[in-house]
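Structure assessment
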Amino acid sequence: MNPLLLLLCLSLIVVVPQANAIWINIPSSGTKCISEEIHTNVVVLGDYYLFTDHESANPETVSVKVTSPYGNTLSHTENVTHGQFAFTTTEGGNYLACFSLNGNNKHKDGTNLVLDWKIGIAAKDWDSVAKKEKIEGVQLELRKLEERAHAISEYLFQLIEKEAKMRGVSERTNARVAWYGIMSLGVCILAAGLQVWRLKRFFQKKKLI
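Here the structure is a predicted model, which means the values were calculated and not measured.

Reading the values: the criteria
Each residue is numbered by its place in its chain's sequence as written, counting from 1. Predicted model: local features are reported for residues with pLDDT of at least 70 only, side-chain atom pairs are reported and counted for 80 or more only, and whole-chain, interface and lining totals are derived from all residues. The side-chain quantities take in all heavy atoms of the structure and omit both hydrogens and water. Residue exposure (1.4 Å probe, protein chains only): buried if accessible area is under 20% of the type maximum, exposed if over 50%, otherwise partly exposed. Each helix is a run of DSSP H or I of at least 4 residues and each strand a run of E of at least 2, with the numbering of both proceeding from the N terminus. Two strands pair under a simple rule: DSSP has to find at least two bridges between them. By nonpolar core we mean a set of buried residues, namely Ala, Val, Leu, Ile, Met, Phe, Trp, Tyr and Cys, connected to one another through side-chain atoms within 4.5 Å. Disulfide: a pair of cysteine sulfur atoms within 2.5 Å of each other. Interaxial angle, 0 to 180 degrees, is taken between N-to-C directions of lines fitted to C-alpha atoms, where a helix line uses only the stretch in contact.

1. Observations regarding the pairing of strand 7 (residues 93-102)
The element strand 7 is largely enclosed, with a buried count of eight among its ten residues. Relative to strand 7, strand 2 (residues 32-38) is paired through seven bridges, and the arrangement is antiparallel. Across the sheet, the residue bridging to C33 is C98, located in strand 7.

2. A look at the nonpolar core
In terms of nonpolar packing, the biggest core is built from 21 residues, with F99, L113 and L115 touching the most fellow members. It is strand 7 that provides the largest number of residues to this core, a total of four residues.

3. So, the state of the cysteines
Evaluation of the coordinates by the stated rule reveals one disulfide. Disulfide pairing places C33 opposite C98 at an S-S distance of 2.0 Å. In this structure, the disulfide formed by C33 and C98 twists by about 110° around the S-S bond and is classed as right-handed. Taken together, the residues C33 in strand 2 and C98 in strand 7 connect sequence positions 65 residues apart. Since its relative accessible area comes to 17%, C98 is described here as buried.

4. Things to note about the sheet that holds strand 5 (residues 73-80)
On the basis of which strands lie adjacent, the open sheet formed by four strands has the order 2-7-4-5 and antiparallel pairing. Every interior strand has two partners, whereas the edge strands, strand 2 and strand 5, have only one. Across the sheet, the mean angle separating the axes of adjacent strands is 15° when strand polarity is ignored. Two strands pair when backbone bridges link them, and strand 4 (residues 61-67) and strand 5 are joined in this way by five bridges, in the antiparallel orientation. Residue pairing across strands places K65 opposite H76, the latter belonging to strand 5.

Structure below.
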């Protein structure tokens, strides 16, 4: 294999984060939320289940609510011990997944929940892709690397767009501040001119000049 191609593949593996399970402690009262900043047109898949080391006749359950950056409810489930949510983002920003315990026999230290939050490439069913396109082994890994490279290029393009927007806001703010400074200076000069004119008229009336 070409050394440059090998270096590119290794860098992509390092740069693109892999999906990892998150261990969350849900308090006995209140809600525990996690957030993730996600761009538009990204597939999101979440698997969760309660993990408790104390037994009870009435096992604890959890309520799950996933909302978009603008407050739209994407998934809402009540009284479950495990479940899954999946959606494709239509808004860019912070997506919230909130968990709260149900039941009367809540443990005072709360209950642990394991969340496997997969985004983008990590949420893709590569087994189905391999069967559908009849690829395996090195071809499948190269396909994954191609997808990761495409995801990185999209992410960099989004960063460039965000930087351009921030630069535009900064330039508009600087222009407004400059105009405000010019207007303030003009008002000060006008006020000083009026003050000199009034003093001159006062002295003329008093025949001091």
